[in-house]
Amino acid sequence: MRPKIRIKILDDEFETDAEDTVLFALQRYGQARNLPLYGFTRFCWNSSCRQCLVKLQSDEGTYRDFACQTPVTEDLHILSLPNVLHWVSEVLAKTKT
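Reading guide: rules and limits
By convention here, each chain's residues receive numbers from 1 onward along its written sequence. A pLDDT threshold of at least 70 governs which residues receive local features in this predicted model, and a stricter bar of 80 or more applies before side-chain atom pairs are shown or counted, although totals over entire chains, interfaces and linings include all residues. Side-chain measures were taken over the full set of non-hydrogen atoms in the model, leaving aside hydrogen atoms and water. Confidence scores here are pLDDT values: one per residue, from the predictor, ranging 0 to 100. Helix numbers and strand numbers start at the N terminus; a helix is a DSSP run of H or I with at least 4 residues, a strand a run of E with at least 2. Any carboxyl oxygen of Asp or Glu that lies within 4 Å of a side-chain nitrogen of Lys or Arg is treated as forming a salt bridge with it. Each residue gets one of three labels from its accessible area relative to the maximum for its type: buried under 20%, exposed over 50%, partly exposed in between, using a 1.4 Å probe on protein chains only. Whether two residues are in contact is decided by their heavy atoms: any pair within 4.5 Å suffices. Ring pairs are drawn from Phe, Tyr and Trp, using the six-membered ring of Trp, whenever the two centres fall within 6.5 Å, and their geometry is named by plane angle: stacked under 30 degrees, edge-to-face over 60, tilted for the rest. For the purposes of these results, a polar contact is taken to be a pair of N or O atoms within 3.5 Å, where, inside protein, one atom must be able to donate a hydrogen and its partner to accept one; residues adjacent in sequence count only when each atom of the pair is a side-chain atom.

Some remarks on the confidence of the model for the protein
Reading predicted coordinates in detail is not appropriate for stretches of low pLDDT.
So, step 1. Overall, the predicted model of the protein reaches an average pLDDT of 87, with 88% of residues at or above 70.
So, step 2. Of all the helices and strands in the protein, helix α2 (residues 88-95) carries the lowest mean pLDDT, 58, while strand β5 (residues 77-78) carries the highest, 97.

Looking at the pattern of salt bridges
So, step 1. One pass over the structure, following the stated rule, counts six salt bridges.
So, step 2. Between Arg2 and Asp17 there is a salt bridge, with its nearest N and O atoms 3.6 Å apart. One end of the pair, Arg2, is in the segment before β1 (4-9); the other, Asp17, is in strand β2 (residues 12-17), and 15 residues separate them in sequence.
So, step 3. On the accessibility criterion, Arg2 (51% relative accessible area) is exposed.
So, step 4. Overall, Asp17 belongs to the buried group, its relative accessible area being 4%.
So, step 5. When the shortest N-O distance is used, the salt bridge between Arg33 and Asp12 registers 3.0 Å. Here the residue Arg33 occupies a position in the loop between α1 (22-32) and β3 (53-58), and Asp12 occupies one in strand β2, the gap between them amounting to 21 residues.
So, step 6. Residues participating in the shared-partner salt-bridge network are Arg2, Lys4, Asp17, Glu19, Asp20 and Arg28.

With respect to the environment of Cys44
So, step 1. Here Cys44 is to be found in the loop between α1 and β3.
So, step 2. Judged by its relative accessible area of 29%, Cys44 is partly exposed.
So, step 3. The sequence separation of Cys44 and Cys68 amounts to 24 residues, and the corresponding C-alpha distance is 8.6 Å.

Quick word on the side chain of Ser80
So, step 1. By the element assignment, Ser80 lies in the loop between β5 and α2.
So, step 2. For Ser80, the residues in contact, after removing those within four places along its chain, are Leu10, Val54, Lys55 and Arg64.

Structural notes on the packing of aromatic side chains
So, step 1. Scanning all chains against the criterion turns up five aromatic pairs.
So, step 2. Put simply, the rings of Phe24, Phe40, Phe43 and Trp45 touch in pairs and so form one group of aromatic residues.

Observations regarding the side chain of His77
So, step 1. Tracing the backbone shows His77 in strand β5.
So, step 2. Separated by 2.6 Å, the side chain of His77 and the backbone oxygen of Leu10 make a polar contact.
So, step 3. Among residues more than four places away in sequence, those in contact with His77 are Lys8, Leu10, Lys55, Leu56 and Gln57.

Written as structure tokens, this is what we have:
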């Protein structure tokens, strides 16, 4: 069994594998919340497409980085989602209700 850590995606607490990148965590989040996963086919997973830029907050402060290259850390807060994910507006609507 892989170790788990808690992160926050927008205003939603989520548990993911400690070895995940932010992009893998977002994919797991989409699966766990029954969101459509077809937006993930638009990512190259090596930062050359530049589609996965997200805004993050951690002990190091607030910064932007590529979700595919950034490892998750305990208490990481993902403040924005890649626009190419078709469920972004759906998630944002749920967090505001």
